[in-house]
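So you can see what is in the structure, the chains are spelled out below.
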Amino acid sequence: MFLKIIRRSFRTMKDSYLIYILACSFAIGIFSILLSLVDNPKLKGDISIWSSGIANATLGFSVIFIFCAFVYMGFVGGFFIKQQAHEFKTFEKFGMARWTVIIIGFIQTVVVQLISWVIGVLVALIFQKFFGMLLLYLMGVKFGFAFLFTSNTFNLLLQIGIYSTLVFSIMNSFRVNRLLKNKKNRQKSLRLYLRIPSGILGILFFVSGLLVTVIFLGDIKGSQADKVLWELVFLMMAYLFGTYLIYFGFLPSLLTILQHIKRIAYTGINVFSFKYFKERLIRNTSILWFITELSSLALVLLSICYLGYQTIYNNYDYAHPFELTANQYTVKDIKKDLKENGSKITREYKTKVKMTVVQRSSNDQIIPGTFMSYSDYKKLPKSNISRNPKIGKKDFLILDYGYSVPGYVSNQSKEAVVKVKNADTIKSNKIGSAFPYGSTMYQGLMIIAPDSYYNDLDASVENTFYGWFFKNGDKLTKKQYEKLDSQEYTKGVSIKKADNLDETKLSAIDGSSNNTGTIFMDSSYSRQKSAKIQVDQITGFGIFIVALFSVALLIALGSVLTLRLLLRDDSEWKQLKTLNKIGVNKSEIKEIVKKETVYTFVIPIVFAVMQSYIVIALFGSFPQMDMLVPFILINLGYVALYGIIGFVTYLISWRSVNQKLN
Amino acid sequence: MQIIVKNIAKDYGKRFNAVHAIKDIGLEVKQGEFLGIMGPSGAGKSTLLNIISTNERPDHGQVLIDGIDMTQLHDKEQAKYRRNKMGFIYQSFELLDSLNVKENIILPMALNHASKKLIEQNFKHMIKLLNIESLSKRNVDDLSLGQKQIVAAARALINNPEILFADEPTGSLDSKSATILLNYMQLINDKEKTTILMATHDAFTASYCSHVVFIKDGVIFSEIVNPGDRNKFFEQIINMQRTIGGGSYFNVSENN
């Protein structure tokens, strides 16, 4: 008997169960794959940064992933119990003991959860190699991925699967019990006296949120930290409450108003559809709100991830403009190695620089200043200096680390003032961050000075930078590279501060000797290839995780909306059938289903996109990055995928309605 | 509006589990006729009514309304025909819970894109005629069964349909409400010449018809024509019920 009832319930809601099981299986599958990657010995052995950080990050992400999946399972699993409310109550009316009905709910959940886990683990077994290869491809690693599922991973999955199945089944048993206790079907009333003011308040909150976003954009550029923090708190509150109140108050009130405008309401199917949409909206308020906010968060996070990715690549480009860079201390060894290896040099550069003590006026910090003449600067490859402001013969160009200097970069029009030991103070509004030989080769500021200024400058230390480009790479062997690596940060300069800048001394130092004063060490060489490997691996891993989370989030949000649309209660089904009986044709009912799907999917995404614009304001503090185009592309991509889910939902929803009408 | 039903049949279920709801029924309903369809539960009354009203398609056979074969029409055209020419009263009322009384009644006119003025005018006329003015703003859930059926009747009649289909219209009503509804149906049949097809197993309800067909096990068993005297007609119906099945499964109303 139990099995018959359970089988019948699966058959009648097969579309909904299928969507739920597939969504759960996907989440379980991805979780299993992530978990199996953590202790994969090949990854540990062949990728140096795997053991040092990425393995733990993978474990962390898999925990976050399964936690989110459990929230989804706990929340959505309840839909099916709610859907069977009428049936469960009828069983009880016919004399079935309450505990028997509870057991039916329990067994249903056990079956669905177990099927999800079995399919999920099978998905992991089948696709582990694919995802492993994808991860290695994205990380730029060129060895094959070997399939491996350790017994530890299996045991862990088995335990998590059994415990979570029990927990969700018990949760649903409680839900059935609560459902049977509530004898009356609680209909959510309209309460216009509450909804109209709430709706107005919601609109005010939301519009004020949009306005504050614009103000926020201005303040964040002006670096007004206190104001920015308060504005951010206000924005979060305004959007969270505003969106909820719009769903709770504004939209139902708007539909009520439309319903009372006879010219509109008494036309065609509107007389029914306004009320139908309103009822569905009131019933799904929390879900729509939840989806709006999560979508908004997803869009913001995706944009931030892209910014992070861009920042890493920018830093990499700034740090390694040449394939190989050396200074006077390392050039001899490097040239010898290149000759031995038969490396084919395509372009070679050499620039003399002078170093002295300078003082930033913005924070009075005394630091080393490396000077290069305008003529030498102009001889460098255009790609190395193109990101700096253009200068003329008599201009000064100040190169500084953009992100860490308050008041330097955030306001580009501001003039930078730099005091130089025993030389004229430099005032310039030409400020850049693209160090011609890479940012790791310098300490402090680099200043491109007019030739006359450079020639007159009394240098405390002199150095020469070398840069090379190659055909087919530098061909340095691992041994040569390790030898070079041992020389990194062994040379530098020391500053002994005095009462005034002119008496402050800068001297070259060796890492092995005892030095006093403030010490600034140089990296002495910079190799693009070794940095590129790490950057590729980290960003590849980032893309892999972000892509998995994004797809999972889209599936989760999409399936919640799809299930809410599919799971109509008895009275809603009856109404659609009645309409058909009294002469509303199927295409008109299809139109109702279409409009309902469009509203359910479009309204949250519109609010989510509007809210996510906050991220553009946040990016205002990174003026050197143009994030508008990527932001638009991220939004378009998200909307397109979301739209596909919406379209599929519409097809499934209409299919189920059509079946019922037949 | 003349209705001709030719050799229709309808089965439910498949192969060995098939139930023959209607087996080769043919009948003719003249314009302005008030036809009663009687028979025990499961005889096929509702199925026959649903097929004639195009809510279901027969497995074979034809339903000709004013010469148009309704079985050959597309779903969309059938729905349009139902909306424009037909009205429906069901035992289970089939009112839309989400709409109030007024919205339920005006729904067929709104679907037909009638003008606001005409909608209001017909609505006022209908609620006055059926004496339900006080109900117009109430929710359907707040009505008694009798009130619900009167509202369903108002919805069926607001469009001045040419054919009215009533499936056990008095099944959920008390005798007083049933009499009001039946008198009104007779009135529009007389005055508007509306063709009415009513399925019932209540002899008192059937006695309002001009002509009653009896169905048993999916086939027409017999027919009786109203001689003009309702009491006499009622006696004839009762006698036919006894002939068919000993009267055990027919309701014999005490309102005679």
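Residues numbered from 1 in each chain as written. Chains lettered and ligands numbered in written order. Predicted model: local features only at pLDDT ≥ 70, side-chain atom pairs only at ≥ 80, totals over all residues. Heavy atoms only, no water.

- Under an unreviewed UniProt entry, the name given to chain B is ABC transporter ATP-binding protein, and the source organism is Companilactobacillus tucceti DSM 20183.
- The annotation that UniProt attaches to chain B under Sequence similarities (unreviewed entry) is "Belongs to the ABC transporter superfamily." (UniProt positions renumbered as here; feature names shortened; annotations may be inferred.)

**So, the overall build of chain B**
(1) Moving on: On a plain count of helices and strands, chain B comes out with 8 helices and 10 strands.
(2) Moving on: Computed over C-alpha atoms, the radius of gyration of chain B comes to 18 Å, within 12% of the 18 Å expected from 2.2 N^0.38 for 256 residues, which places it in the range of a compact globule.
(3) Moving on: Expressed as lengths along the three principal axes of its C-alpha atoms, the size of chain B is roughly 50 × 45 × 35 Å.
(4) Moving on: For chain B, with 256 residues in total, the buried portion stands at 56%.
(5) Moving on: Both charge centroids of chain B, one from 29 positive and one from 29 negative side chains, sit 5 Å from each other. (Helix = DSSP H or I, 4+ residues; strand = E, 2+ residues; numbered from the N terminus. Rg over C-alpha atoms; globule rule 2.2 N^0.38 Å. Buried < 20%, exposed > 50% of the residue type's maximum accessible area, 1.4 Å probe, protein only. Lys, Arg positive; Asp, Glu negative; His and termini not counted. Charge placed at Lys NZ, Arg CZ, Asp CG, Glu CD.)

**Side note on the packing of aromatic side chains**
Residue and element names in this part refer to chain A.
(1) Moving on: For the coordinates displayed, the defined rule picks out 42 aromatic pairs over all chains.
(2) Moving on: Residues Phe65 and Phe549 carry aromatic rings whose centres are separated by 5.3 Å and whose planes lie at 85° to one another, so their mutual orientation is edge-to-face. Of this pair, Phe65 sits in helix α4 (residues 48-83) while Phe549 is found in helix α18 (residues 528-566), placing the two residues 484 residues apart along the sequence.
(3) Moving on: Take Phe65: its relative accessible area is 5%, and that puts it in the buried class.
(4) Moving on: Ring centres of Phe322 and Tyr349 lie 5.6 Å apart, and the angle between their planes is 45°; on these two criteria the pair is classed as tilted. Note that Phe322 is positioned in the loop between α12 (285-319) and β1 (324-327) and Tyr349 in strand β2 (residues 344-360), a separation of 27 residues in sequence. Of the two residues, Phe322 and Tyr349, both sit in the buried class. (Phe/Tyr/Trp six-rings, centres within 6.5 Å; stacked < 30°, edge-to-face > 60°.)

**Some points on unusual backbone geometry**
Apart from glycine, the bulk of residues carry a negative phi angle, and the bulk of peptide bonds sit in the trans form.
All names here are of chain A.
(1) Moving on: A positive phi angle, near 55°, is found at Asn422, a position not held by glycine.
(2) Moving on: Residue position: Asn422 is located in the loop between β5 (416-420) and β6 (426-428).
(3) Moving on: Its relative accessible area of 48% is what places Asn422 among the partly exposed residues.

**Remarks on the interface of chain B and chain A**
(1) Moving on: Each partner contributes residues to the interface: chain B has 26 residues there, and chain A has 25 residues.
(2) Moving on: For A:Lys275, the salt bridge identified is with B:Glu103, shortest N-O distance 2.8 Å.
(3) Moving on: Our count for the contact surface shared by chain B and chain A stands at 11 residue pairs in polar contact (both at pLDDT 80 or more).
(4) Moving on: Only α2 (75-85), β6 (86-90), α3 (101-111) and α4 (116-129) of chain B provide two or more residues apiece to the side of chain B that touches chain A. (Contact = heavy atoms within 4.5 Å. Salt bridge = Lys/Arg side-chain N within 4 Å of Asp/Glu carboxyl O. Polar contact = N/O pair within 3.5 Å; in protein donor to acceptor, adjacent residues only side chain to side chain.)

**Regarding a positive patch on the surface**
Residue and element names in this part refer to chain A.
(1) Moving on: On the surface, Lys4, Arg7, Arg11 and Lys14 cluster together to form a positively charged patch.
(2) Moving on: When residues of the positive patch are assigned to their parent elements, the largest contribution, 3 residues, is made by helix α1 (residues 2-12).
(3) Moving on: Position of Arg11 relative to the elements: it lies in helix α1. (Patch = residues over 30% accessible without salt bridge, like charges linked within 9 Å, V, L, I, M, F, W, Y side chains within 5 Å. Areas by Shrake-Rupley, 256 points an atom, 1.4 Å probe, with all protein chains shown as cover.)

**Quick word on the UniProt feature "domain: ABC transporter" (unreviewed entry) in chain B**
(1) Moving on: UniProt's entry tags residues 3-242 of chain B with the feature "domain: ABC transporter" (unreviewed entry), counted in the numbering of this structure.
(2) Moving on: For residues 3-242 of chain B, the end-to-end C-alpha separation is 29 Å, with 38% helix and 26% strand making up the annotated structure.

**Topic: the confidence of the model for chain A**
(1) Moving on: Taken as a whole, chain A shows an average pLDDT of 85; of its residues, 94% reach a score of 70 or greater.
(2) Moving on: Considering only residues more than four positions removed or in separate chains, one finds that residues 403-412 of chain A, a stretch of pLDDT under 50, has 23 contacts. (pLDDT = per-residue confidence, 0-100.)

**As for the sheet that holds strand β12 (residues 518-522) of chain A**
Residues and elements named next belong to chain A.
(1) Moving on: Across the sheet, 3 strands lie side by side as β11-β10-β12; this open sheet has antiparallel pairing. Strand pairing shows two members of the sheet lacking a second neighbour, β11 (505-510) and β12, which therefore form its edges. Shown here is a sheet whose adjacent strand axes are inclined to one another by a mean of 25°, direction ignored.
(2) Moving on: Examined bridge by bridge, strand β10 (residues 491-496) and β12 share 5 bridges and lie antiparallel to one another. Following the sheet pairing, Ser494 is matched in β12 by Ile519. (Pairing = 2+ DSSP bridges. Axes fitted to C-alpha atoms, helices over the stretch in contact; angles between N-to-C directions.)

**Some details on the side chain of A:Asp15**
Residues and elements named next belong to chain A.
(1) Moving on: Looking at the secondary structure, you find Asp15 in helix α2 (residues 14-38).
(2) Moving on: There is a polar contact of 2.8 Å between the side chain of Asp15 and the side chain of Arg655.
(3) Moving on: The residues contacting Asp15, other than those within four sequence positions of it, are Leu566, Ile652, Arg655 and Ser656.

**Things to note about α2(B)**
(1) Moving on: When α2(B) is considered as a whole, its buried residues turn out to be B:Gln78, B:Ala79, B:Tyr81, B:Arg82 and B:Arg83.
(2) Moving on: The inward-facing, buried residues of α2(B) contact α19 (570-581) and α20 (586-612) of chain A together with β4 (60-65), β5 (68-69), β6 and α3 of chain B.

**Points about the pattern of salt bridges**
(1) Moving on: Inspection of every chain in the model, using the stated rule, returns 17 salt bridges over all chains.
(2) Moving on: Linking A:Glu588 and B:Arg83 is a salt bridge whose minimum nitrogen-to-oxygen distance equals 2.1 Å. One end of the pair, A:Glu588, is in helix α20; the other, B:Arg83, is in helix α2, on a second chain.
(3) Moving on: A:Glu588 gets classed as buried once you look at its relative accessible area, which sits at 19%.

**Remarks on the packing of α2(A) against α4(A)**
Residue and element names in this part refer to chain A.
(1) Moving on: Taken N-terminus to C-terminus, the directions of α2 and α4 make an angle of 165°; their axes are 8 Å apart at the nearest point. Considering their axes alone, α2 and α4 lie roughly antiparallel with respect to each other. Judged by the sense of rotation from one axis to the other, the crossing of α2 with α4 is left-handed.
(2) Moving on: Residues belonging to the contact of α2 with α4 are distributed by class as follows: 22 nonpolar, 4 polar and no charged. (Parallel < 35°, antiparallel > 145°, perpendicular 65-115°, else oblique. Left-handed = near helix turned anticlockwise from the far one by under 90°. Nonpolar A, V, L, I, M, F, W, Y, C, P; charged D, E, K, R; others polar.)

**Considering the pairing of β1(A)**
Note on strand geometry: in a regular strand, side chains alternate between the two faces of the sheet.
Residue and element names in this part refer to chain A.
(1) Moving on: Alternating positions in β1 separate into two faces, Leu324 and Ala326 on one and Thr325 and Asn327 on the other, with burial throughout.
(2) Moving on: Sheet topology places β1 next to strand β13 (residues 525-527); 3 bridges connect them, and they run antiparallel. When the bridges of β13 are listed, Leu324 appears paired with Arg527.

**Considerations on the sheet that holds β4(B)**
All names here are of chain B.
(1) Moving on: Spatially, 4 strands are ordered β2-β1-β4-β5 in an open sheet, and the strand pairing comes out antiparallel. Edge positions in the sheet fall to β2 (19-29) and β5, since each of these pairs with one other strand and no more.
(2) Moving on: Both β4 and β5 contribute to a ladder of 2 bridges, which runs antiparallel. Each bridged residue has a counterpart across the sheet, and for Leu64 the counterpart in β5 is Asp69.
(3) Moving on: This element, helix α1 (residues 45-52), spans β1 (3-12), β2 and β4 of the sheet and lies at about 120° to β1.

**Considerations on the nonpolar core**
(1) Moving on: A:Tyr72, A:Leu579 and B:Met185 are the most contacted members of the largest nonpolar core, which has 165 residues in total.
(2) Moving on: No other element matches the 14 residues that α2(A) contributes to this core.
(3) Moving on: The next biggest cluster of nonpolar side chains, apart from the first, holds 29 residues, and it includes B:Ile37, B:Val63, B:Met70 and B:Leu197. (Core = buried A, V, L, I, M, F, W, Y, C linked by side-chain atoms within 4.5 Å.)

**Considering a nonpolar patch on the surface**
(1) Moving on: On the surface, a cluster of nonpolar side chains totalling about 740 Å² of accessible area is made up of A:Val118, A:Leu122, A:Ile126, A:Phe127, A:Phe130, A:Leu134 and A:Tyr137.
(2) Moving on: Its location among the elements puts A:Tyr137 in helix α6 (residues 98-139).

**Description of the domain arrangement of chain A**
Residues and elements named next belong to chain A.
(1) Moving on: Looking at chain A, the domain boundaries give domain 1 (1-186), domain 2 (187-283), domain 3 (285-320 + 532-662) and domain 4 (344-472 + 489-522).
(2) Moving on: Between the C-alpha centres of domain 1 and domain 3 the distance comes to 22 Å.
(3) Moving on: Between domain 1 and domain 3, the contact holds 31 residues from the first and 30 residues from the second.
(4) Moving on: Taken over both partners, the interface formed by domain 1 and domain 3 buries close to 2,700 Å², and the fraction arising from carbon and sulfur atoms is 79%.
(5) Moving on: Contact with domain 3 buries area across many residues of domain 1, yet Ile19, Phe79 and Gln83 alone supply 20% of it, more than any other trio.
(6) Moving on: Residue Arg655 pairs with Asp15 through a salt bridge whose shortest N-O separation is 2.8 Å.
(7) Moving on: Viewed at the interface, domain 3 and domain 1 are joined by 2 residue pairs in polar contact (both at pLDDT 80 or more).
(8) Moving on: Breaking the side of domain 1 that touches domain 3 down by element, the ones donating at least two residues are α2, α4 and α6.
(9) Moving on: Looking at the side of domain 1 that touches domain 3 element by element, the count peaks at 13 residues for α4.
(10) Moving on: Class assignment for the residues of the side of domain 1 that touches domain 3 results in 26 nonpolar, 4 polar and 1 charged. (Domains from an automatic or database assignment. Buried area = accessible area lost by both parts, 1.4 Å probe.)

**Describing α1(A)**
All names here are of chain A.
(1) Moving on: By the burial criterion, the buried members of α1 are Ile5, Ile6 and Ser9. Viewed along the axis of α1, the buried residues span an arc of 95°, placing them on a single side of the element. Opposite the buried face of α1, at more than 90 degrees from it, the exposed residues are Leu3, Lys4, Arg7 and Arg11.
(2) Moving on: Close packing links the buried residues of α1 with α2, α5 (85-93) and α6. (Arc of directions from axis to C-beta.)

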